[in-house]
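# Descriptive analysis of the structure
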Amino acid sequence: MSQENVEIVRSIYAAWERGVFEETHWADPEIDFQPIGDTPSAGRWKGLDGMANGWREWLSAWEEFRVEPDEFLELGEERILVLARFGGRGRTSGLEIGQVWTKAASVFHIRNSLVTRLVVYTDYRRALADLGLSEQDAHADS
């Protein structure tokens, strides 16, 4: 079951790498979306409309926002941790994201082949701390 979950998350990231954040076929209608860290949309968003609003707020702050996954890690049957990199330029500041942050993480909670909760961290170290993992734990399967 968890390999199927990894493939679901890989397909989500494939869309995000192309800049497609509107697709929601993978999300539970009551999804809990929570960006954490130094983001324009920090907070918690509920449901498909809430997630769409959260992404819209996030993406409105950036030009050419990009996300590239580095590692997909299974955390039991229902959670997938993705270590990734963000790229882009601040719409107002003109700063490259790399000047603010680059290494990020997302945690996908999946039940019945749908993402029920998505937590996006601008700092992968905070994700690891919240999950009780060390850097060594996160890279053990690499």
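A short tour of the structure in this document, coming up.

Parameters at a glance
- Residues numbered from 1 in each chain as written.
- Predicted model: local features only at pLDDT ≥ 70, side-chain atom pairs only at ≥ 80, totals over all residues.
- Heavy atoms only, no water.
- Core = buried A, V, L, I, M, F, W, Y, C linked by side-chain atoms within 4.5 Å.
- Buried < 20%, exposed > 50% of the residue type's maximum accessible area, 1.4 Å probe, protein only.
- Helix = DSSP H or I, 4+ residues; strand = E, 2+ residues; numbered from the N terminus.
- Contact = heavy atoms within 4.5 Å.
- Salt bridge = Lys/Arg side-chain N within 4 Å of Asp/Glu carboxyl O.
- Arc of directions from axis to C-beta.
- Polar contact = N/O pair within 3.5 Å; in protein donor to acceptor, adjacent residues only side chain to side chain.
- Pairing = 2+ DSSP bridges.
- Axes fitted to C-alpha atoms, helices over the stretch in contact; angles between N-to-C directions.

Further remarks concern the nonpolar core. Counting 29 residues, the largest nonpolar core has Tyr13, Trp16, Trp26, Phe108 and Leu118 as its most contacted members. Top contributing element to this core by residue count: helix H1 (residues 2–17), with six residues. With sequence-adjacent residues up to four places away left out, tryptophan 16 is seen in contact with Phe21, Trp26, Trp55, Val67, Phe108 and Leu118. Ile36, Leu75, Ala105 and Tyr121 belong to the second-largest nonpolar core, a separate cluster that totals 13 residues.

A few words now on the environment of histidine 25. Among the structural elements, histidine 25 can be located in the loop between H1 and strand S1 (27–36). Judged by relative accessible area, histidine 25 falls into the exposed class, the value being 60%.

A separate point is the pattern of salt bridges. Counted according to the given criterion, the structure contains eight salt bridges. In this structure, the salt-bridge partner of arginine 44 is aspartate 32, at a minimum N-O distance of 2.7 Å. Here the residue arginine 44 occupies a position in the loop between S1 and strand S2 (45–46), and aspartate 32 occupies one in strand S1, the gap between them amounting to twelve residues. You can call aspartate 32 buried: its relative accessible area is 10%. Linking arginine 126 and aspartate 130 is a salt bridge whose minimum nitrogen-to-oxygen distance equals 4.0 Å.

We now examine helix H3 (residues 124–131). Among all positions in H3, only Tyr124, Ala127 and Leu128 are buried. Considered in projection along H3, the buried side chains sweep an arc of 95° and stay on one side of the axis. The exposed residues of H3 that point more than 90 degrees off its buried face are Arg125 and Ala129. Where H3 is buried, its residues meet strand S4 (79–90), strand S5 (103–111), strand S6 (114–121) and helix H4 (135–138). For H3, the side-chain oxygen to backbone nitrogen distance between the N-cap and arginine 125 is 2.9 Å, and the N-cap itself is aspartate 123. Two residues or fewer past H3, glycine 132 is found with a positive phi of approximately 70°.

Strand order in this open sheet of six strands is S2-S1-S6-S5-S4-S3, and the pairing throughout is mixed. Since the sheet does not close on itself, it has two edges, and those belong to S2 and strand S3 (62–74), each with one partner. Pairing analysis gives ten bridges linking S3 to S4, with the strands arranged antiparallel. In the strand pairing of S4, glutamate 63 is matched with arginine 89. On the sheet, H1 packs against S3, S4, S5 and S6 and is oriented at approximately 165° with respect to S3.

Most of S1 is tucked away, with seven of its ten residues classed as buried. In this sheet, S6 lies alongside S1 in parallel orientation, the contact comprising six bridges. In the sheet register, isoleucine 36 faces S6, and the bridge partner there is tyrosine 121. Inspection of the sheet shows S1 paired to S2 by two bridges, in the antiparallel sense. Bridge pairing in S2 links phenylalanine 33 to tryptophan 45.

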